[in-house]
Amino acid sequence: MAVIAGLMGGTCTLPMRYLSRWRWENVWAIFIVIACLVLPPVVLFLTVARPLQVLAASPGRAELIAVTSGLVWGLGSVLFGLGISAIGISMANTLVLAISASLGSILPLLILAPERFGQPQGKAIMLGTTIALAGMGCCGYAGIQRERSESSGPDAPRLMVGVARPFWVGLAICASSGVASAIMNVGYSLSQGIITTAVHAGNSPFAGSNVIWLLVLGSGAVANLSYCGYLLGKNRTWSNFLQPKSAPLYALAILMGLLWAGSILAYGSAAPKLGKLGPALGWPLNLVVSLVAANFWGFVTGEWKHTSRAARGAMMLGLAILLVAIGILGWSGRLAT
């Protein structure tokens with residue numbers, strides 16, 4: 001399930017390459033509505049018995065943490081969308097996932113079981129995360145080389161929705177997004193009391209995770225839609241929603257939301273099955289697979305067609321290293337005592 005989550009997460013930004021007829025805020029608003037406001041409540045009522053009672057009985061502290069981490073993630077999600085528009089899918093995904101994978105693994109390990117740092121499972125998680133960071137570094141270098149070659153011509157077309165920004169601005173945006181993304185997993189780790197309450201009410205741990213995601217994603221939607229609303233008013237882009245022949249644009253934006261929300265729900269299914277350190281193990285595994293999937297689609301869609309052999313070699317090396325990291329992280333799940 002963690003691998004499936006990564007595959008869906010790595011695919012969800014692909015439609016942004018085909019949505020340049022709209023402005024960024026049009027795309028992101030529909031994406032967030034589907035991912036954060038439509039799908040989570042539907043899944044909640046399909047999977048959780050007596051959901052309102054579970055919410056009422058859950059620890060208030062855990063619910064507050066879930067809502068607060070969701071707000072922080074919401075800000076990071078806005079930055080992620082802007083980062084993709086600023087410096088491209090490859091670089092944005094690499095920077096954000098590298099920061100999020102490392103912090104999102106180490107912090108839950110410290111929170112849930114700090115004593116396991118010196119045990120085989122903790123060492124294996126740290127080893128897998130470190131190797132993953134090395135692989136992400138190779139992918140990031142390759143992404144820089146590719147995007148430089150794409151922009152080398154004065155008439156190079158820009159297919160990505162949104163506006164380009166200076167590299168260092170994009171770098172700062174993506175770094176901030178990576179930290180905020182890790183906070184989501186920290187909030188999930190600290191909200192495990194909600195899962196316990198759901199299980200005591202006769203639900204599965206997966207159902208309990210869906211209660212957490214309802215709170216996290218619902219509060220995260222506030223930050224996202226507030227910023228989208230500001231841009232829609234400032235840029236007077238509300239009318240874009242009424243453009244003729246916009247059905248394919250709506251379909252692609254909705255697909256983005258379904259894929260991303262599906263990845264979060266799949267991760268919520270995986271984490272409880274991976275034991276006490278599920279969030280520390282499942283999060284980097286999910287993100288590493290996500291990066292592999294994102295770059296696979298980059299190859300399929302011809303992003304690397306006109307790049308140098310050295311850049312393609314660096315990407316293949318990075319992906320090979322990431323596959324090693326996936327194997328180590330998967331193996332670490334067998335080391336729980």
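Rules behind the numbers
Residues numbered from 1 in each chain as written. Predicted model: local features only at pLDDT ≥ 70, side-chain atom pairs only at ≥ 80, totals over all residues. Heavy atoms only, no water. Axes fitted to C-alpha atoms, helices over the stretch in contact; angles between N-to-C directions. Helix = DSSP H or I, 4+ residues; strand = E, 2+ residues; numbered from the N terminus. Parallel < 35°, antiparallel > 145°, perpendicular 65-115°, else oblique. Left-handed = near helix turned anticlockwise from the far one by under 90°. Contact = heavy atoms within 4.5 Å. Nonpolar A, V, L, I, M, F, W, Y, C, P; charged D, E, K, R; others polar. Phe/Tyr/Trp six-rings, centres within 6.5 Å; stacked < 30°, edge-to-face > 60°. Buried < 20%, exposed > 50% of the residue type's maximum accessible area, 1.4 Å probe, protein only. Expected span 1.5 Å × (residues − 1). Bend = angle between axes of the 7 residues up to and from the residue. Patch = residues over 30% accessible without salt bridge, like charges linked within 9 Å, V, L, I, M, F, W, Y side chains within 5 Å. Areas by Shrake-Rupley, 256 points an atom, 1.4 Å probe, with all protein chains shown as cover. Salt bridge = Lys/Arg side-chain N within 4 Å of Asp/Glu carboxyl O. Core = buried A, V, L, I, M, F, W, Y, C linked by side-chain atoms within 4.5 Å.

1. Brief notes about the packing of helix α8 (residues 192-200) against helix α9 (residues 205-234)
Link 1 in the chain: Viewed as axis vectors pointing N to C, α8 and α9 meet at an angle of 135°, and their least axial separation amounts to 8 Å. As the angle between them shows, α8 and α9 are arranged oblique. The two elements α8 and α9 cross, and the hand of that crossing is right-handed. Across the interface between the two elements, I194, I195, A198 and V199 from α8 touch P205, G208, S209, V211, I212 and L215 from α9.
Link 2 in the chain: Class assignment of the residues belonging to the contact of α8 with α9 gives a composition of eight nonpolar, two polar and no charged.

2. Comments concerning the packing of aromatic side chains
Link 1 in the chain: One pass over the full model with this rule turns up 14 aromatic pairs.
Link 2 in the chain: An angle of 55° between the planes, with centres 6.3 Å apart, marks the rings of W238 and F241 as tilted.
Link 3 in the chain: For F241, a relative accessible area of 17% gives the class buried.
Link 4 in the chain: Here the aromatic cluster, defined as three or more aromatic residues joined through ring pairs, consists of W24, W28, F31, W73, Y227, Y230 and W260.

3. Quick notes on the packing of helix α2 (residues 24-47) against α9
Link 1 in the chain: Contact geometry of α2 with α9 gives a least axis separation of 8 Å together with a crossing angle of 160°. Between α2 and α9, the interaxial angle falls into the category roughly antiparallel. When you trace α2 past α9, the crossing you get is left-handed.

4. Things to note about α2
Link 1 in the chain: Taking 1.5 Å of rise per residue, the 24 residues of α2 would be expected to cover 34 Å, and the 33 Å separating its terminal C-alpha atoms lies within 8% of that figure.
Link 2 in the chain: Of all bends in α2, the biggest is about 35°, found at L39, and the proline P40 comes one to four residues later.

5. Points about the environment of M184
Link 1 in the chain: Relative to the helices and strands, M184 resides in helix α7 (residues 167-190).
Link 2 in the chain: What makes M184 buried here is its relative accessible area of 1%.
Link 3 in the chain: Residues M184 and G76, spaced 108 residues apart in sequence, show a C-alpha to C-alpha distance of 9.5 Å.

6. Here we look at a nonpolar patch on the surface
Link 1 in the chain: Nonpolar side chains collect at one region of the surface, where V33, L37, V38, V42 and L46 lie side by side and expose about 420 Å² of accessible area between them.
Link 2 in the chain: On the accessibility criterion, V33 (32% relative accessible area) is partly exposed.

7. Regarding the environment of G76
Link 1 in the chain: Residue placement: G76 occurs in helix α4 (residues 60-87).
Link 2 in the chain: Judged by relative accessible area, which is 3%, G76 ranks as buried.
Link 3 in the chain: For G76 and V96, which are 20 residues apart along the polypeptide, the C-alpha to C-alpha distance reads 9.6 Å.
Link 4 in the chain: Once residues lying within four places of it in the same chain are set aside, the contact partners of G76 are S177 and A180.

8. Comments concerning unusual backbone geometry
Link 1 in the chain: Its identity as a non-glycine residue notwithstanding, R236 has a phi of 55°, on the positive side.
Link 2 in the chain: Here R236 is to be found in the loop between α9 and α10 (247-273).
Link 3 in the chain: For R236, a relative accessible area of 74% puts it in the exposed group.
Link 4 in the chain: One non-glycine residue with positive phi stands out, namely K245, at about 55°.
Link 5 in the chain: In this fold, K245 is placed in the loop between α9 and α10.

9. Remarks on the nonpolar core
Link 1 in the chain: Among the nonpolar cores identified, the biggest contains 88 residues, and W28, M184, W213, L217 and W260 are the most heavily contacted of them.
Link 2 in the chain: The leading source of residues in this core is α2, at 13 residues.

10. Topic: the environment of P205
Link 1 in the chain: Checked against the element boundaries, P205 lands in helix α9.
Link 2 in the chain: When the C-alpha positions of P205 and A270 are compared, they lie 9.8 Å apart, and in sequence the two are 65 residues distant.
Link 3 in the chain: Here P205 is in contact with I195, V199 and P272, once residues within four sequence places are set aside.

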